[in-house]
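Now for the letters of each chain:
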Amino acid sequence: MNAALLPEQQQLLARAERQSQLVNALLAVLPKHALLWNSEDTTPYECDGLTAYRERPMAVALPETYAQVQAVLKTCHALKVPVVARGAGTGLSGGAMPHKLGLTLSLAKFNKILKMDPVSRTAVVQGGVRNLAISEAAAQHGLYYAPDPSSQIACTIGGNVAENSGGVHCLKYGLTVHNVLKVRGFTIEGEEVEFGGDALDAAGFDLLSIVIGSEGMLAITTEVTVKLIPKPQLARCIMASFDDLRKAGDAVASVIAAGIIPAGLEMMDKPMTAAVEDFVHAGYDLSAEAILLCESDGTVEEVEEEIGRMSEVLRRCGATAIAVSNSEAERLRFWSGRKNAFPASGRISPDYMCMDSTIPRKRLADILLAIAEMEKKYQLRCANVFHAGDGNLHPLILFDANDADQLHRCELFGADILETSVAMGGTVTGEHGVGVEKLNSMCVQFSAEENEQMFGVKRAFDTRGLLNPGKVIPTLNRCAEYGKMLVRGGKISHPDLPRF
């Protein structure tokens, strides 16, 4: 290294040399068109759906065969180069943000449905298959894949496995982990691995539940065997309006307490309904402080009985208006607003940061009122939409990323929401993952010993720590520094949270 160069110049030179070494090694195992390394080609990969944080990788590999994936991983392992897997890039926690000295491994070309078995009600698909494409292919057999994230038109099943994604129907039908039988892929060393099996149970430890939701830190997913379920005879949706947030929150708990498990139970506050109504014209009540969408599916008789019971509970809880879909088109219109909440928010703000915490259902009103106070504290707007049935919040903090002060206040706002969720008995994430976004909040949720246990699991699969490093699990030093920052700023506000 030339000592006459400035430190920044030395770093750039070292990166260029490292990049050249990586590119030359990968060109020996990949065709030239399957490798990107010029800045104009790698810039589109610099972030996922969390656009506030960006980094360019040294290179992007787009393999086309399993053998190429294996060869890429073996090469990176030998060179000790970090690898970050990427699907469609729709994640919202920075899980697919590149490593500046690493390789982004795109699975986009693995987009084939390998087997559709209507008898066993399963499908074997490659990791790059879109979520919605599975249901579209299964429709001819009267089947569909239940988990339905709002991004299902674009997100891939490999990404769903990484994040343990849910969707508006996860209350009744479960998350990704409840709808997957088997995951196949490769370790960072290029070893073929298989988690789960074709049967409902597999021998040995339940490693399937470990790899699902591991955010690309343990293995690279190439194939997934998913469960399919019969399409219901009928589905109808209730749209209920409330003039008070607490009434709406209490109504959610009351529906579940009545022994009813709706196919979907979603909630939107007034700012969110205004944003989506202007975008998709779903017919929402703009005078309501909150609306609930409650869906029932099953046989005609089951749906009619459940709709009646839910309507009764909602009226008893103070619903000011109740509308029930009378056709499939009307049901889809009710849901169109909820499904388009994120793009609708993009129309009213330069940027937004979508948080993702989970709280007990009985605390829904409490957290919404707390968020309203935070809006005043941080001088930023926040629109709320969430899976009310299982208490999974999705507050969308609206800000301008070009304003450094707004970005800083947005980060503090988001951390406050997560900290408050933990204090209310919840968790810092529900389905979007930790990524880079919630690393500091993991210090609030888990002790140093618990984080070290999670590192132990990672080391069992990835001794060198090359798969998606610097994500999900905070280091002891990071937590210590975060704790000092909170103490200095007087930010630790909940007596029942860790004191670092």
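Since we're looking at a predicted model, the values are computed, not measured.

Participant: It is not clear to me how a nonpolar patch on the surface should be interpreted in this structure. Could you clarify?
Facilitator: A cluster of nonpolar residues, Phe205, Leu207, Ile210 and Val457, forms a patch on the protein surface that exposes about 380 Å² of accessible area. Mapped onto the secondary structure, Val457 falls in helix H16 (residues 448-461).

Participant: When you look at the pairing of strand E8 (residues 180-186) in this model, what are you seeing that I'm missing?
Facilitator: Among the seven residues in E8, six count as buried, and that is most of the element. Here six bridges tie E8 to strand E10 (residues 220-227), and the two strands are oriented antiparallel to one another. Bridge pairing in E10 places Lys182 opposite Thr225. Here E8 hands over to strand E9 (residues 192-196) after five residues, with Gly190 in that stretch at a positive phi of 85 degrees.

Participant: It is not clear to me how the side chain of Arg331 should be interpreted in this structure. Could you clarify?
Facilitator: With respect to the element layout, Arg331 can be found in helix H11 (residues 328-339). Here Arg331 falls in the buried class, since its relative accessible area comes to 11%. Reaching out from Arg331, the side chain makes a polar contact with the side chain of Glu295 at a distance of 2.9 Å. Ignoring anything within four residues of it in the chain, the contact list for Arg331 reads Ala235, Arg236, Cys237, Glu295 and Ser325.

Participant: Explain helix H10 (residues 300-316) here, please?
Facilitator: Since the α-helix turns once every 3.6 residues, residues separated by three or four places project in the same direction. With 17 residues, H10 should cover 24 Å at 1.5 Å per step; its first-to-last C-alpha distance of 25 Å lies within 8% of that length. At the exit of H10 stands Gly318, carrying a positive phi of roughly 100 degrees.

Participant: Hey, could you run me through the pattern of salt bridges in this one?
Facilitator: Oppositely charged side chains can form a pair if their charged atoms are brought close together. Scanning the model with the defined rule gives 28 salt bridges in all. One salt bridge connects Lys182 with Asp198, and the closest N-O pair in it is separated by 3.1 Å. Placement of the pair is Lys182 in strand E8 and Asp198 in the loop between E9 and helix H7 (208-211), with a sequence separation of 16 residues. The exposure class assigned to Asp198 is exposed, which follows from its relative accessible area of 58%. Here Asp366 ties to Arg363 by a salt bridge, and the two come within 2.6 Å at their closest N and O atoms. Asp366 gets classed as partly exposed once you look at its relative accessible area, which sits at 22%. On the accessibility criterion, Arg363 (27% relative accessible area) is partly exposed. The structure contains a network of salt bridges with shared partners spanning Arg184, Glu192, Glu194 and Glu223.

Participant: Whenever I open this one, helix H14 (residues 404-423) confuses me. Can you help?
Facilitator: Between its terminal C-alpha atoms H14 stretches 29 Å, which fits the 28 Å expected from 20 residues at 1.5 Å a residue. N-capping of H14 is provided by Asp403, with a side-chain oxygen placed 2.9 Å from the backbone N of Asp405. Gly425 sits one or two residues past H14 and shows a positive phi near 95 degrees.

Participant: Explanation requested: the environment of Gly483 in the structure shown.
Facilitator: Summarising the element assignment, Gly483 is placed in helix H17 (residues 476-488). Residue Gly483 is classed as buried on the basis of its relative accessible area, which comes to 3%.

Participant: What is the right way to read the pairing of strand E4 (residues 103-106) from this model?
Facilitator: Every other side chain in a regular strand lies on the same face of the sheet, so the side chains alternate between the two faces. A two-sided burial pattern is seen for E4, the buried positions comprising Leu103 and Leu105 on one face and Thr104 and Ser106 on the other. Looking at chain direction, strand E2 (residues 59-61) and E4 are connected through three bridges and run parallel. Across the sheet, residue Val60 finds its bridge partner in E4, namely Thr104. Here strand E3 (residues 83-86) runs beside E4; their pairing, made up of four bridges, is parallel. Looking at E4, one finds that Val84 is bridged to Thr104.

Participant: Looking at this structure, I do not really get the packing of helix H13 (residues 364-378) against H14. What am I missing?
Facilitator: One way to put it is that H13 packs onto H14 with a least axis distance of 10 Å and a crossing angle of 155 degrees. Here H13 is positioned roughly antiparallel relative to H14, judged by the angle of their axes. Crossing of H13 against H14: the hand is right-handed. From H13, Ile367, Ala370, Ile371, Met374, Glu375, Lys377 and Tyr378 reach across to H14, where they touch Arg409, Leu412, Phe413, Asp416, Ile417, Thr420 and Ser421.

Participant: Help me understand the sheet that holds E8 in this model?
Facilitator: Sheets are built from strands paired through backbone hydrogen bonds, the pairs being either parallel or antiparallel. Read from one edge of the open sheet, five strands run E5-E6-E10-E8-E9, paired in antiparallel fashion. On the outer flanks of this sheet lie strand E5 (113-117) and E9, each paired with one strand and no other. Adjacent strand axes in the sheet meet at a mean angle of 10 degrees, parallel and antiparallel pairs treated alike. Both strand E6 (residues 122-126) and E10 contribute to a ladder of five bridges, which runs antiparallel. By the bridge assignment for E10, Val124 is matched with Thr225. Against the sheet, helix H4 (residues 131-138) makes contact with E5, E6 and E10, and its axis sits at roughly 45 degrees relative to E5, the strand it touches most.

Participant: It is not clear to me how the nonpolar core should be interpreted in this structure. Could you clarify?
Facilitator: What tends to happen in soluble globular proteins is that the nonpolar side chains get buried as a cluster. One finds Phe242, Met267, Leu292, Leu314, Ile397 and Phe413 to be the most contacted residues of the largest nonpolar core, which totals 60 residues. Examining the composition of this core, we find that seven residues originate from one element, H14, more than from any other. In this structure, Phe413 is in contact with Ile371, Met374, Glu375, Tyr378, Leu380, Cys382 and Ile397, ignoring residues within four places of it in sequence.

Participant: Hey, could you run me through the sheet that holds E3 in this one?
Facilitator: Read across the open sheet, the four strands follow the order E1-E2-E4-E3; overall the sheet is mixed. Two strands close off the open sheet at either side, each with one partner strand: strand E1 (35-36) and E3.

Participant: When you look at the packing of aromatic side chains in this model, what are you seeing that I'm missing?
Facilitator: The geometry of an aromatic ring pair is captured by the separation of the ring centres together with the interplanar angle, meaning the angle of the planes. Throughout the structure, instances matching the rule amount to four aromatic pairs. Relative to Phe461, the ring of Phe195 has its centre 6.1 Å away and its plane inclined at 45 degrees; by these criteria the two rings are tilted. Remark: Phe461 occurs in helix H16 and Phe195 occurs in strand E9; sequence separation between them is 266 residues. In terms of burial, Phe195 and Phe461 fall into one category: buried. Their ring planes at 20 degrees and their centres at 5.3 Å tell us that Tyr378 and Phe413 sit as a pair that is stacked. Taken as a pair, Tyr378 in helix H13 and Phe413 in helix H14 lie far apart in primary sequence, 35 residues in all. Here Tyr378 matches Phe413 in class, with each residue buried.

Cut-offs and rules
Residues numbered from 1 in each chain as written. Predicted model: local features only at pLDDT ≥ 70, side-chain atom pairs only at ≥ 80, totals over all residues. Heavy atoms only, no water. Patch = residues over 30% accessible without salt bridge, like charges linked within 9 Å, V, L, I, M, F, W, Y side chains within 5 Å. Areas by Shrake-Rupley, 256 points an atom, 1.4 Å probe, with all protein chains shown as cover. Salt bridge = Lys/Arg side-chain N within 4 Å of Asp/Glu carboxyl O. Helix = DSSP H or I, 4+ residues; strand = E, 2+ residues; numbered from the N terminus. Buried < 20%, exposed > 50% of the residue type's maximum accessible area, 1.4 Å probe, protein only. Pairing = 2+ DSSP bridges. Polar contact = N/O pair within 3.5 Å; in protein donor to acceptor, adjacent residues only side chain to side chain. Contact = heavy atoms within 4.5 Å. Expected span 1.5 Å × (residues − 1). Axes fitted to C-alpha atoms, helices over the stretch in contact; angles between N-to-C directions. Parallel < 35°, antiparallel > 145°, perpendicular 65-115°, else oblique. Left-handed = near helix turned anticlockwise from the far one by under 90°. Core = buried A, V, L, I, M, F, W, Y, C linked by side-chain atoms within 4.5 Å. Phe/Tyr/Trp six-rings, centres within 6.5 Å; stacked < 30°, edge-to-face > 60°.

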